[in-house]
Amino acid sequence: MPIAIVRHFALALLLTPPVLFADTVYVTNEKDNTVSVIDFDTLKVVNTFSVGQRPRGIALSPDNKILYVCVSDDDAIRAFDVENLEPLYDLPSGENPETFVLSPSGDRIYTSNESDNIVTVIDTSRRSVLNQIDVGVEPEGVAISPDGKIMINTSETTNMAHWIDTETFQIFENSLVGQRPRDAAFDLDGRRLWVTAEIGGTVSVFDTASYEQIIELKFKIKGIRQDRVQPVGLYLTRDGKLAFFALGPANHVAVVDAQTYEVLDYLLVGRRVWKLAPTADEKFLLTTNGVSGDVSIIDIENMKVIKSIKVGRFPWGVAVHE
Amino acid sequence: MRASHLCSLLMLTAVLLPVDAENIRVGYLVETRDPPPVLSNLDDPPEDEGVAGAVLGISDNNSTGKFSGQGYNLEVRHIDQGEDPKTALASMATDGIRFVLLDLETDTLLRLLQQPVPNHLLMFNIAAQDRRLRDSDCHASLLHTALSRDMRSDALAQLLLKKRWKRWFLVAGHRAGDEKFAAAVKRSAKKFGARIVAQKDWSGDFDARRSAPAEVPLFTQGPDYDVLMVADESGDFGDYLLFNTWDPRPVAGTQGLVAKTWGRPVEQWGAAQLQERFLKQANRWMMPRDYAAWLAVRSIGEARLRNPDATSSGIEGYIRSEKFQLAGYKGRKMNYRRWNGQMRQPVPIMWARALVSQAPLEEFLHQRNELDTLGLDRADSRCKLN
């Protein structure tokens, strides 16, 4: 049988039912200064376009019309028109923005300026800086509560999660977490905050009413040195049932029961798995794998990695457009 | 270090502290050194190596201290080369300083340790690499954030063994550190199963800048070896061995492929951020002593942050405990060996422009902690502090 037909056949199997794959995926390639565009219909990279220097954090506006990309070494968050992928304008992000989070309505962007120990708050419609907040050393992860009232920033060398009131821009609480906190996220109901710590190898879960830590999660993968188990990116499912953690150089994603905190599985993905994002229907979870330069696709229901797609050098962030 | 420059840095780090903040003073005792003349004089050694790293550590601690209510100050005292450091240390202790970074030559440090050290003082060796300080001459009040030579040569040995480059031709200069580095290389060869197939001393009686292409091929002709291991700590001649050997062989040791605690090519695990922060502050790249000083100051900051006991003995107790861990941009948490106070740390292996690997390499296992495959392990050290 000719090879082309075999491949076609295999692809056809993967694509049943085809209606599942309708999304477009954007991946920042940190060391290529590009964004790869993956068509989820064909699971192929259909476009790669230049965005600026050292692209890392990436997200879409709530209306899916604008693609925001942190171009760290250009000291900006660049806005692209999703229709034609042309640059629209730069937002004043402060120096060296690494990653950011949008407010639920999309009217603000909160970004961490890792070299200046500040978080910059940007008004997205006026394209101006609303405020800059002093935080700890090397701010990194940013998260916003579902009601938009609390913003969390993790500082990697201070080892804290800073709780910030988005009306007053004041830090009202600091929570110590494990060494080198990387990312944070709230449950959809806003009751818990989850913070990953890369070097500590832990995930701290906080009660957002009391700011008290509920539990500290640790991971153990057979055959992998404990020091390589480094939680970085995370994703919490909308129903509050599952939590996924990218474990960096352990090359696995941990699947945790978000109610019992039991680790359900470790899924082997690419090397140095970094960030996670779901498809719109939440049937699949995508991972960026920095060292192997690819994106893995996890089938959430079956808890299986079904495919990896080669992108550029050092894929960092991922955003999905329905 | 120009005094005015240092003053302005110190003021910079002292600013922004709440008035009622708990003040933690960190002393820095530095011996003025007169670097020996070297043939390879491309780079001027910076005058503030070490202290600039401590300044950055203080500034990092203060950024965190804003949220936890601590302020840190650095207080630098200079002594002349070879001067007895006892008086300077005693006056720091009398002033109420409880943590002191020691940026001293080995002999000066040994002299200090042979006399009674003021009570309630925790010292960090950020410069001296000698094995004996972690072995028979260790001290209960002294921690080491500087790597020992053994840790560096063990790191190199791991990589060379992995590559099956097991036959080493050792070339040593005859300055103070060269002999010690050569001894470390020999111990590493034995420990990991490499062989020193030839050894020669570099007499250094001609100017290799002019005559290396003529001298080095003859000097290296004969032995059948895989790697030329050079022991030239002051950087006198080692650079001229590269590409001048009789056989096409790589050079490793103190030049060529080197293992050290920090260097410009280190950029993984967020290291690019530390590099950038340091460059901005000091207007030069971070060097090993800067990094060791930064580690020491950050150890104090991290221990205070995690430990409700604010006394100096409380902070010291936490640093020495199993709970202590420090993220130091090398991908693994670091802590201190209980038996001799040496900080466990990964050792980057690099040449001038790129990182080649980082020890411990995965192939080298250890029953407790892979980082203990580098340097003196508990069973081998005559130091039994705990």
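Residues numbered from 1 in each chain as written. Chains lettered and ligands numbered in written order. Predicted model: local features only at pLDDT ≥ 70, side-chain atom pairs only at ≥ 80, totals over all residues. Heavy atoms only, no water.

Novice: Can you help me understand the overall build of chain B in this one?
Specialist: When you go through chain B residue by residue, the secondary structure sums to 10 helices and 14 strands. Taking 386 residues into account, the globule formula puts the C-alpha radius of gyration at 21 Å, and chain B, at 21 Å, falls close to it. Taking the principal axes of the C-alpha coordinates as reference, chain B spans close to 70 × 45 × 40 Å. A buried classification covers 58% of the 386 residues belonging to chain B. (Helix = DSSP H or I, 4+ residues; strand = E, 2+ residues; numbered from the N terminus. Rg over C-alpha atoms; globule rule 2.2 N^0.38 Å. Buried < 20%, exposed > 50% of the residue type's maximum accessible area, 1.4 Å probe, protein only.)

Novice: Honestly, the domain arrangement of chain B in this entry has me stumped. Any pointers?
Specialist: For interface size, the figure often reported is the accessible area lost on association. All names here are of chain B. Parsing chain B into structural domains produces domain 1 (3-147 + 263-345) and domain 2 (152-259). Computed from C-alpha coordinates alone, the two centres of domain 1 and domain 2 are separated by 31 Å. With 11 residues of domain 1 at the interface, the matching set in domain 2 holds 13 residues. Counting each side, the surface lost to burial between domain 1 and domain 2 is near 1,000 Å², with a carbon and sulfur contribution of 46%. (Domains from an automatic or database assignment. Contact = heavy atoms within 4.5 Å. Buried area = accessible area lost by both parts, 1.4 Å probe.)

Novice: What is the right way to look at the packing of helix H5 (residues 149-162) of chain B against helix H6 (residues 176-192) of chain B in this model?
Specialist: Residues and elements named next belong to chain B. One can describe the packing of H5 onto H6 by two numbers: an axis separation of 8 Å at closest approach and a directional angle of 45 degrees. As the angle between them shows, H5 and H6 are arranged oblique. The element H5 and its partner H6 pack so that their crossing is right-handed. Facing H5, whose interface residues are Arg149, Asp150, Arg152, Ser153, Asp154, Ala157, Gln158 and Leu161, H6 presents Gly177, Lys180, Phe181, Ala184, Val185, Arg187, Ser188, Lys191 and Phe192. Tallied by class, the residues present in the contact of H5 with H6 amount to six nonpolar, four polar and seven charged. (Axes fitted to C-alpha atoms, helices over the stretch in contact; angles between N-to-C directions. Parallel < 35°, antiparallel > 145°, perpendicular 65-115°, else oblique. Left-handed = near helix turned anticlockwise from the far one by under 90°. Nonpolar A, V, L, I, M, F, W, Y, C, P; charged D, E, K, R; others polar.)

Novice: What exactly am I supposed to notice about the interface of chain A and chain B here?
Specialist: Across the contact, 34 residues belong to chain A and 29 residues belong to chain B. Summing the contributions of chain A and of chain B, the shared interface buries around 2,600 Å²; its carbon and sulfur component is 42%. Here chain A is connected to chain B by seven salt bridges. On inspection of chain A and its partner chain B, the count reaches 20 residue pairs in polar contact (both at pLDDT 80 or more). (Salt bridge = Lys/Arg side-chain N within 4 Å of Asp/Glu carboxyl O. Polar contact = N/O pair within 3.5 Å; in protein donor to acceptor, adjacent residues only side chain to side chain.)

Novice: When you look at the nonpolar core in this model, what are you seeing that I'm missing?
Specialist: As a rule of thumb, nonpolar side chains are buried together in soluble globular proteins. All names here are of chain B. With 46 residues, the main nonpolar core has Tyr28, Leu74, Leu101, Phe124 and Ile319 as its most contacted residues. At nine residues, helix H9 (residues 288-306) tops the list of elements feeding residues into this core. Each residue touching Phe124, except ones within four places of it in the same chain, is listed here: Val100, Leu101, Leu102, Leu142, Leu143, Thr145, Ala296, Ser299, Ile300, Ile319 and Tyr336. Counting 29 residues, the second-largest nonpolar core is a separate cluster that includes Leu147, Leu156, Leu170 and Phe192. (Core = buried A, V, L, I, M, F, W, Y, C linked by side-chain atoms within 4.5 Å.)

Novice: Quick question: what am I supposed to make of the packing of H9 of chain B against helix H10 (residues 312-320) of chain B here?
Specialist: Relative orientation and spacing of two packed helices are given, respectively, by the angle between their axes and the distance between those axes. Residues and elements named next belong to chain B. The interhelical angle for the contact between H9 and H10, taken along N-to-C directions, is 100 degrees, at an axis separation of 9 Å. Taken together, H9 and H10 sit at an angle that is classed as roughly perpendicular. Across from Ser299, Ile300, Ala303, Arg304 and Arg306 in H9, the residues of H10 making contact are Ile315, Tyr318 and Ile319.

Novice: Looking at this model, I keep getting lost on the sheet that holds strand S22 (residues 252-257) of chain A. Mind explaining?
Specialist: The strands that make up a sheet pair up through hydrogen bonds in the backbone, lying either parallel or antiparallel. Residue and element names in this part refer to chain A. One open sheet holds the four strands; their spatial order is S20-S21-S22-S23, and the pairing between them is antiparallel. A strand with exactly one partner marks an edge of an open sheet, and here the two such strands are strand S20 (234-236) and strand S23 (263-268). Between one strand axis and the next, the sheet turns through 15 degrees on average, direction left out of account. Direction of pairing for S20 relative to strand S21 (residues 242-246): antiparallel, over a ladder of three bridges. Of the residues in S21, the one forming a bridge with Leu236 is Ala243. (Pairing = 2+ DSSP bridges.)

Novice: So what exactly am I meant to see when it comes to the packing of aromatic side chains here?
Specialist: Between two aromatic rings, the relevant description is the distance of the centres plus the angle of the planes. Per the stated rule, a full pass over the model turns up 18 aromatic pairs over all chains. Ring plane angle 55 degrees and centroid distance 6.0 Å describe the contact between Phe40 of chain A and Phe284 of chain A, whose orientation is recorded as tilted. Here Phe40 of chain A, found in the loop between strand S2 (34-39) and strand S3 (44-50), pairs with Phe284 of chain A, found in strand S25 (residues 284-289); they are 244 residues apart in sequence, far enough to count as distant. This pair shows no difference in class: Phe40 of chain A is buried, exactly as Phe284 of chain A is. When the centroid spacing of 4.5 Å and the interplanar angle of 10 degrees are considered together, the rings of Trp262 of chain B and Tyr291 of chain B count as stacked. Here Tyr291 of chain B lies in helix H9 and Trp262 of chain B lies in the loop between strand S10 (257-259) and helix H8 (271-282), a separation of 29 residues in the sequence. (Phe/Tyr/Trp six-rings, centres within 6.5 Å; stacked < 30°, edge-to-face > 60°.)

Novice: Where do I start with the sheet that holds strand S7 (residues 87-91) of chain A in this structure?
Specialist: Residue and element names in this part refer to chain A. Sheet architecture is open: four strands sit in the order S4-S5-S6-S7, paired in antiparallel fashion. Two strands in the sheet have a free side with no partner beyond their single neighbour: strand S4 (55-60) and S7. Put simply, the sheet's adjacent strands are angled 25 degrees from each other on average, direction ignored. With four bridges joining them, S4 and strand S5 (residues 66-71) adopt antiparallel strand pairing.

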